[in-house]
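Chain residues, written in single-letter form:
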Amino acid sequence: MESGPAIFAGTAFALFGAALLVWTGARVLHRAPVAHGVNRATAAALTAIFGAVFLVAGVWCFSRV
């Protein structure tokens, strides 16, 4: 019973992190701005870091099941 919330949170974190990494990669590949009004390299680096953090959080949640 207690593994249900961990599975839900792990899925949400992992999907969001993976989607953020894919979206950032696509924007950088097409040389499109990742965030408006921000230096392109800074925005790409920060979104990649946060995408990786969310992906690791999802994996951590799955390891607690």
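Here is what the cut-offs are and how they apply
- For every chain, the first residue of its written sequence is number 1, and the numbers climb from 1 along that sequence.
- Side-chain atom pairs in this predicted model are given and counted only at pLDDT of 80 or more, local residue features only at pLDDT of at least 70, and totals for whole chains, interfaces and linings cover all residues.
- The side-chain quantities take in all heavy atoms of the structure and omit both hydrogens and water.
- Working convention: axes come from line fits to C-alpha atoms, limited for helices to the stretch in contact. Angles between N-to-C directions cover 0 to 180 degrees.
- By the criteria applied, helices consist of DSSP H or I runs no shorter than four residues and strands consist of E runs no shorter than two, each listed in order from the N terminus.
- Here roughly perpendicular refers to angles of 65 to 115 degrees, roughly parallel to angles under 35, roughly antiparallel to angles over 145, and oblique to all remaining angles.
- Two helices that cross are described as forming a left-handed crossing if the nearer one is turned anticlockwise from the farther one by less than a right angle, and a right-handed crossing if clockwise.
- Any two residues having at least one pair of non-hydrogen atoms within 4.5 Å are treated as being in contact.
- In this analysis, the expected span of each helix is defined as 1.5 Å times one less than the number of residues it contains.
- Note on exposure labels: buried denotes an accessible area under 20% of the residue type's maximum, exposed denotes more than 50%, and partly exposed covers the range between, all computed with a 1.4 Å probe on protein chains only.

Q: Explanation requested: the packing of helix α1 (residues 3-29) against helix α2 (residues 40-63) in the structure shown.
A: When two helices pack together, their arrangement is given by the angle between the helix axes and by the axis-to-axis distance. Look at α1 against α2: their axes get within 7 Å of each other, and the N-to-C directions meet at 155 degrees. What the angle tells us is that α1 and α2 run roughly antiparallel. With respect to the hand of their crossing, α1 and α2 are arranged in left-handed fashion.

Q: Hey, could you run me through the environment of A35 in this one?
A: Along the polypeptide, A35 turns up in the loop between α1 and α2. Once the C-alpha coordinates of A35 and T47 are considered, the two residues, twelve residues apart in sequence, prove to be 9.3 Å apart.

Q: Help me understand the environment of I7, please; the structure alone is not making it clear to me.
A: The residue I7 is located in helix α1 in this model. Taking the C-alpha atoms as reference, I7 lies 7.0 Å from C61; in sequence the two are 54 residues apart. If near-sequence neighbours (up to four positions away) are discounted, I7 is found in contact with F62 and V65.

Q: Just to check I follow, could you spell out α2 for this structure?
A: Each turn of an α-helix holds 3.6 residues, which means side chains three or four residues apart point in the same direction. Here α2 contains 24 residues, and its C-alpha end-to-end distance of 35 Å stays within 8% of the 34 Å for a straight helix at 1.5 Å per residue. Residues of α2 that are buried include every one of A43, A44, T47, G51, G58 and C61, and no others. Summarising the contacts, the buried residues of α2 are in contact with α1.

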